[in-house]
Structures are given as structure tokens and as C-alpha cells.
Amino acid sequence: MSEVLEVSGLSVDYLLDRGDVRAVDDVSFTLDRGEFLGIVGESGCGKSTLLFAVAQLLAPPARIAAGSVRFQGTNLVGLTDGQLSAIRWRDLSVVMQSAMNALNPVKSIGAQFKDAMKAHGKPTGEEIAARSAEVLKMVGIDPVHLGSYPHQLSGGMRQRSMIAMAMLFTPDLVIMDEPTSALDVVAQRSLMVQIRELQLRLGFAVIFVTHDMSLISHFSDRLMVMYAGQVDELGETRTVFDRPLHPYTQGLLEAFPSIRGPRVPLKGIPGNPPDLARLPAGCRFHPRCPYAVERCAQVAPELADLDQALVRCLRRQDGSLN
Amino acid sequence: MTATELLRADHLTRHFKIGGALSRRTLHAVDDVSFAIGEREIVALAGESGSGKSTIARLLARIYSPTSGEIYFEGTPVSRIRSRRNRLRYSGLVPMVFQDPFGSMNPVFRVQHGVLRSLKLHRRELSGAQRRDEAARVFDVVGLGADMLERFPHELSGGQRQRVGFAQALAMRPKLILADEPVSMLDVSIRIGLLNLMAELRDTMGVSILYITHDIASARYVADRLIVMYAGQIAETGPIEDVLTDPRHPYTQLLLSAVPDPRAPLSVAAETDRGEPPKVIDPAPGCRFRWRCPLAIEKCAQVTPVLMELLPAHDVACHVAQAQASAAEVQAPLIKETS
């Protein structure tokens, strides 16, 4: 399979008065055509910043400090707005967390679809109407809603129409930032199933950011776990769920109560994620890690390939933790 | 229930007028809902957004008054509480913890401000020094150090702020805490700590909690009983393990099938249900779930189902489930005779 995206050594800084804060630190990954990559982590781990950096949507005080984002061979870092807008929507589209804020409240859904289409080429009115109706049907909304305004739609329908809008040009990559977090479980599940169906049918690649690991367990091909701006673990989704290697990944998985099986007491992960401006020395997770040894507080681990997954943990790498 | 009854909602109903001044349309946020909460009990109130669960919390907190129906707290009708003193007493016994730990605290005051203020209002017998001692004590109970009292809200993490919310509630020596989605805005790794705290408050201090959530798995983790709401009405209620292992209402079944669980295999029948909440504006009689229900029969469009006890302490408002249960009852003696 060919690569649609190659991110290498990407770092993002927030330039603040009290000094620069590195929110994304040396992140590299590739994405194949038609692949679904899930990115999970807690608030402040840099997952949304990473996503914005990939889509080239960062605004000051955030700035890409190093690295490249190669999309279909072109490095997006450093492109002008004009060059980027040729790619946006057409080849790469973004679905934001809150559709209520992402959609224009004073324009009908159809008018917003029209704007996006007119930004790329000169489609006729019929072409616009036909394509708009087609993508809405694709996500299961009656095309009569092209005349509706965002407030007239339910939360689920708004998210669906955002996804429909992202489908207007059959892009190669769709970037999604917690698109289901405002929805109920039933609506959430149905939207996930639909995203996956569309993806398998149309063949676009997906980067899906969420804080809810269980949500993507059945949908993503590969899973990337982020902690404090870095990748802690990256591997096949099923493998990571079945045998998580990084203690943080383990902790996240054990923090979910289940509706099945025996009721077991859970502990969660003690402490809080670190302040990125005051990172602990050594491994960034060691203050919260149940397996930490003295060395973890001194040596910062690299991301190493342990066959089944890439893992950033000293004790996994030297085999002292099994 | 074996527990002594603490609070009872009796045919509780709350309607809202919507539209302009001339509009006659009403939104039935909560319609004829009855339930009880015992002492030392965590009751989970689950349902999708718009199902009326937050309205119930606000009715119990007396932020709204019911359109009809009554709430009894320790046997006394809450609508009869009129004097300022008694209203304060009630809100101290039944305090609320809010969803948003970032919006529920005044950013210009230290976190002790809220605790000390509610102590001053609700426990007037305490001196200034006693109030500070009491604040330190409740902070200790929720797992925060006394040094936290001096901090400003922005210095605290989301999980710590929610603990402050519970400390504030505890300072008033409550009997029932109304917790409206208290963990939904927290990170996954932090949530469990708060859920464990809720269980601990019940077990060690005997506080009851109404835990409002859309997360069934977390409800199962802490709650004793579950109430499933749909479109302003109770669809199913019972001891939580019984409801989860043997859900009888089709909505409960749908809800449970949608809970993401990495440990379970993906059900191949990817349901076509869109998860659209129903409109409860001027509803006609009939079951409100019938448009989404795979089992709906003709009766469902004509008669609103009422809660019936189908299993011990396990009530379901569904015509089909009720018919199945009574059919099983008729058959049961036959089996006995033949065996």
C-alpha cells in the first residue's frame, strides 16, 4: 500500500511569555491509503495540537518548531495559505470536535456546501445541488435538510453534515478531532459505524483523535497513545488492546469500568498529567508509573521498536518488565 | 428496597412553554415520573441528552418547581417548604455537584471561599475558627490537602476541582447529593478516583447520591440501582446488575448494545438506529420510543405504557415486555404440574 501521509520529527511549540512550551515533541508516523489511525491521550497530551499541525491549522502562539508533514509527497510545512487552500477540502478535510461551532449558524447547510465547492473550480448550480444531496444521503440525512440551518438539526445530524461536507470532493485523508464526543452512546456508535463504512467504500485514510480509547477499539487499524507531547506506544489496535506494553496504556485500559464481567474495583492512574512547562526529568510518566525504578527518573526513554509495537519505556526495552 | 426511604418523587411532571408569548406548545421535559431514593444508596439516572435527567436533578434541588406531582423528603412534601430557614436547610441536606468543574467556581476567590461561605450560611452555630477546621476536614475527606484551601481554582486540575465540589457539598452535612454528570468532563484516568470517592462517601458517611450520567459503565461501577430515562419518562428501573444482565425494555437493550467495550467483540449487526432523540412537544398518547423500537405493536401507538414490576424490584414500561412476562407467568404453573 502506498503512503498518503508521512509525518517525521514533528515538534510544535507554544510561544508563551513564561517561555516556550513544547506541546508536541518529535512525533513521527506514516499513514497508508485507506488506513484508520486512532490517536488517544488525555487532555493536554498534545493530540489536538498534533492534528492541527498536520492539517496546517496552527495559529500563533503555536508554531511548528521542527519536522515535516508530507502529504502525497508534498511537504505541507511552509506552504502558503493559497497553496494550502488548493489542497484543503479537495484532498484533505478536517472534521472538528464541535460541529455547532464549526458550522456557520446564519447560513443553511446547503449554502455552506456551496461555498466549499465554489472554492475549488467553477461548478454549475446543478452540479452543486446534485453533489450536496449525494453526500448528505451518504451520511443518512434527507437532502431536504440542505435548506436547514444548523440550529434546526440535532447534534448527531450536525456532526453528520460536517462529515458530509468533508466528503464533497472525495478526499484522500480526513482528519477528525473527537467528532463524537458531544453525542450520546447510541448516536456515537451509529456515527462510528458510518464513518467506517464510508471509509471502506471510498478508500480515504482517517486520523481520529479521541480521549476515549474504547470508542475506537473496533474501528481503527492502528493506535497511537500520546502522553505529555510524545508518542508512548504505537501499534496495531488489536495488539495494543490485547497486550498493552507501555504502563500508561495499561493504566488507561484499566481505568474503564465495563458493563460486562465481574464488578472489579479500579484504581485509575494516580496523579495528574504533567505541566508541559515543568516536565519531570527522565521518563515523563515515571511519577505516575507503578513500575518506575530509579533509572526512570534519570534517563529519558526513546521510542523503540519492540516487534509488536513501538514503545517508549525503559523497562520494556531492557526486558526487566514483563 | 431494604433501605429506609429518603426521598420519593411522586408523579413528578415538568413542562416548559416554548415559542413566543402566544405559543401554546409545551415541551414535556419530565412526564409523570415516580421513584424513590433510599438511605445510603447510589441511584444512577441514565439516558440520552434531552431525556429529562438534568431536569429531574433541578426539580429535586428546587431550582425548578414541578408542573405537577410532589417530592417527599423524609416524608415531608418539599413544596410545603416555604420559610428561608427551611429552604436553606433543605438545600444543605440535598446539595448539588455540577458537571463543569471549570464553570462552577468563581475564579477570583480562593477555593476555600465557597466552602466557608456555605458553612456560614448553613451552619451558623460555627465560629470562624471552627469553620476553617471544618473546611480542612471535608477537604481531607475528599482527598485534598489542607493547603489546597488557599489555592485559586486555576491552580487546580479538573479532578481536584470536582473534589472541591464534593467537599463543598459535604460541608453542609448532606443526606443526598445530586451529582449531575460529575465526571463526564474529566480525563479517563481521573474519573475512577472520583467514582471511588462517591462509593466511599456512601459506605463510610452514609450519604446517598443521585448519579446522573450517560455512561452506563460508570453507573454500574458505583450505583446500586439504575433508572433509565427516555423522552421524559422512566423506561426501566431496578437493581443495576439485574437491569444490565436482563434488560427488558428495548431502549435499555439498545443503550447497552451501543456501549463501546474493547473487551467485547463488535456485534456484527451494526444497527441502523440513528440515535435521534424524540421530540416531546405536545406528545400524543403512546409509547415515545415506538418510532425507534423494533418490537413496536399497534397498542404502542395508542396507549402510553406505565411502569410495571416484571421481576423483583425491576420495573419496565413496555407493552411487549409486559405481555411477554405475563405470558411466561401463565405458562409457569403448567410446567410445575407436568414435572
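Residues numbered from 1 in each chain as written. Chains lettered and ligands numbered in written order. Predicted model: local features only at pLDDT ≥ 70, side-chain atom pairs only at ≥ 80, totals over all residues.

*Asks:* So what exactly am I meant to see when it comes to the overall build of chain A here?
*Replies:* Within chain A, the secondary structure is distributed over eleven helices and twelve strands. Expected size for 322 residues packed as a compact globule is a radius of gyration near 20 Å; at 21 Å, chain A falls within 12% of this value. Its C-alpha atoms give chain A principal-axis dimensions of roughly 70 × 50 × 40 Å. Split into buried and exposed, the 322 residues of chain A put 47% on the buried side. (Helix = DSSP H or I, 4+ residues; strand = E, 2+ residues; numbered from the N terminus. Rg over C-alpha atoms; globule rule 2.2 N^0.38 Å. Buried ≥ 20, exposed ≤ 12 C-beta atoms within 10 Å, placed from the backbone.)

*Asks:* Mind showing me how you'd approach the overall build of chain B here?
*Replies:* On a plain count of helices and strands, chain B comes out with ten helices and twelve strands. Per-residue burial over chain B gives 44% buried out of 339 residues. Put simply, of all contacts in chain B between residues at least 6 apart along the chain, 64% involve residues at least 24 apart. (Contact = placed C-beta atoms within 7 Å.)

*Asks:* Would you take a moment to explain the interface of chain A and chain B for this structure?
*Replies:* One frequently used descriptor of interface size is the decrease in accessible area upon assembly of the parts. Counting residues at the interface gives 34 residues for chain A, matched by 36 residues for chain B. Of all the secondary-structure elements, those providing two or more residues to the side of chain A that touches chain B are α7 (185–202), α8 (213–216) and α10 (247–254) of chain A. At six residues, the largest contribution of residues to the side of chain A that touches chain B is made by α7(A). Each residue belonging to the side of chain A that touches chain B can be placed in one class, and the counts come to 14 nonpolar, 13 polar and seven charged. (Nonpolar A, V, L, I, M, F, W, Y, C, P; charged D, E, K, R; others polar.)

*Asks:* Looking at this structure, I do not really get the environment of Arg191(B). What am I missing?
*Replies:* Among the secondary structure elements, Arg191(B) is positioned in helix α6 (residues 188–205). Leave out the neighbours within four places in its chain, and Arg191(B) touches Ala255(A), Gly268(A), Val183(B), Leu186(B) and Ser218(B).

*Asks:* Explanation requested: the pairing of strand β10 (residues 230–236) of chain A in the structure shown.
*Replies:* Along a regular strand, successive side chains alternate from one face of the sheet to the other. Residues and elements named next belong to chain A. Where burial is concerned, most of β10 is hidden: six out of the seven residues are buried. By the bridge criterion, six bridges tie strand β9 (residues 222–227) to β10 in an arrangement that is antiparallel. Pairing of Leu-223 across the sheet is with Gly-235, part of β10. The antiparallel hairpin formed by β9 and β10 contains two residues in its connecting segment, where Ala-228 sits at a positive phi of about 50 degrees. Bridge count between β10 and strand β12 (residues 309–311): three bridges; the pairing is antiparallel. Note that in β12 the partner of Leu-234 across the bridge is Leu-310. (Pairing = 2+ DSSP bridges.)

*Asks:* Would you take a moment to explain helix α5 (residues 158–171) of chain B for this structure?
*Replies:* For an α-helix, the turn length of 3.6 residues means that residues three or four places apart are oriented alike. Residue and element names in this part refer to chain B. Counted at 1.5 Å a residue, the expected span for α5 with its 14 residues is 20 Å, and the 20 Å between its end C-alpha atoms agrees. The element α5 is largely enclosed, with a buried count of 13 among its 14 residues. Trailing α5 by a residue or two, Arg-173 shows a phi angle of about 50 degrees, which is positive. (Expected span 1.5 Å × (residues − 1).)

*Asks:* Looking at this structure, I do not really get the sheet that holds strand β2 (residues 26–38) of chain B. What am I missing?
*Replies:* Two modes of strand pairing occur in sheets, parallel and antiparallel, and in both the strands are linked by backbone hydrogen bonds. Residues and elements named next belong to chain B. Taking strand neighbours across the sheet as the criterion, the four strands line up as β2-β1-β4-β5 in an open arrangement whose pairing is antiparallel. Looking at which strands have only one partner, the edges of the open sheet turn out to be β2 and β5 (76–77). Docked against the sheet, helix α1 (residues 53–60) engages β1 (5–17), β2 and β4 (68–73), running at close to 65 degrees with respect to β2. (Axes fitted to C-alpha atoms, helices over the stretch in contact; angles between N-to-C directions.)

*Asks:* Honestly, the nonpolar core in this entry has me stumped. Any pointers?
*Replies:* The nonpolar side chains of soluble globular proteins are, as a tendency, buried together. Counting 182 residues, the largest nonpolar core has Ile207(A), Ala44(B), Leu45(B), Ala167(B), Leu210(B) and Tyr211(B) as its most contacted members. When residues in this core are grouped by element, the largest group, eight residues, is from α6(B). (Core = buried A, V, L, I, M, F, W, Y, C linked by C-beta atoms within 7 Å.)

*Asks:* What is the right way to look at unusual backbone geometry in this model?
*Replies:* As a rule of thumb, non-glycine residues mostly have phi less than zero, and peptide bonds are mostly trans rather than cis. Residues and elements named next belong to chain A. Following Pro-60, the chain continues to Pro-61 via a peptide bond in cis, the omega torsion being 10 degrees. Residue Ala-228 is not a glycine yet carries a positive backbone phi of 50 degrees. Positionally, Ala-228 belongs in the loop between β9 and β10.

*Asks:* How do you make sense of the sheet that holds strand β1 (residues 3–16) of chain A when you look at a structure like this?
*Replies:* All names here are of chain A. Strand order in the open sheet formed by four strands is β2-β1-β4-β5, with antiparallel pairing between adjacent strands. Pairing within the sheet leaves two strands with one partner each, and these edge strands are β2 (19–32) and β5 (74–75). Sheet topology note: the β1/strand β4 (residues 62–71) ladder contains eight bridges and is antiparallel. Looking at β4, one finds that Val-12 is bridged to Ile-64. Its contacts with the sheet place helix α1 (residues 47–54) against β1, β2 and β4, and it is angled at close to 65 degrees to β2.

*Asks:* I'm lost on the pairing of strand β3 (residues 36–40) of chain A in this one. Help?
*Replies:* Residues and elements named next belong to chain A. Within β3, five of the five residues are buried, which leaves it mostly tucked inside the rest of the structure. Burial along β3 is two-sided: Phe-36, Gly-38 and Val-40 facing one way and Leu-37 and Ile-39 facing the other are all buried. As paired strands, β3 and β9 are joined by four bridges and run parallel to one another. The residue bridging Leu-37 from the neighbouring strand is Arg-222, located in β9.

*Asks:* Quick question: what am I supposed to make of the confidence of the model for chain B here?
*Replies:* Predicted coordinates in areas of low pLDDT are best not read in detail. Across chain B, the average pLDDT comes to 87, with 91% of residues at 70 or higher. The ipTM, which scores confidence in the relative placement of chains, is 0.78 for this predicted complex, and the corresponding pTM is 0.86. (pLDDT = per-residue confidence, 0-100.)

*Asks:* Teacher, can you tell me more about the packing of α5(B) against α6(B) here?
*Replies:* Between two packed helices, both the angle of their axes relative to each other and the distance between the axes serve to describe the pair. All names here are of chain B. One way to put it is that α5 packs onto α6 with a least axis distance of 10 Å and a crossing angle of 15 degrees. Accordingly, the angle class assigned to the pair α5 and α6 is roughly parallel. Crossing of α5 against α6: the hand is right-handed. Across the interface between the two elements, Gly-158, Gly-159, Gln-162, Arg-163 and Phe-166 from α5 touch Ile-190, Gly-193, Leu-194 and Leu-197 from α6. Of the residues belonging to the contact of α5 with α6, the class tally is four nonpolar, four polar and one charged. (Parallel < 35°, antiparallel > 145°, perpendicular 65-115°, else oblique. Left-handed = near helix turned anticlockwise from the far one by under 90°.)

*Asks:* Explain helix α4 (residues 109–118) of chain A here, please?
*Replies:* By the burial criterion, the buried members of α4(A) are Ile109(A), Gln112(A), Phe113(A), Lys114(A) and Met117(A). For α4(A), the secondary structure elements touched by its buried residues are α5 (125–138) and α6 (155–166) of chain A.

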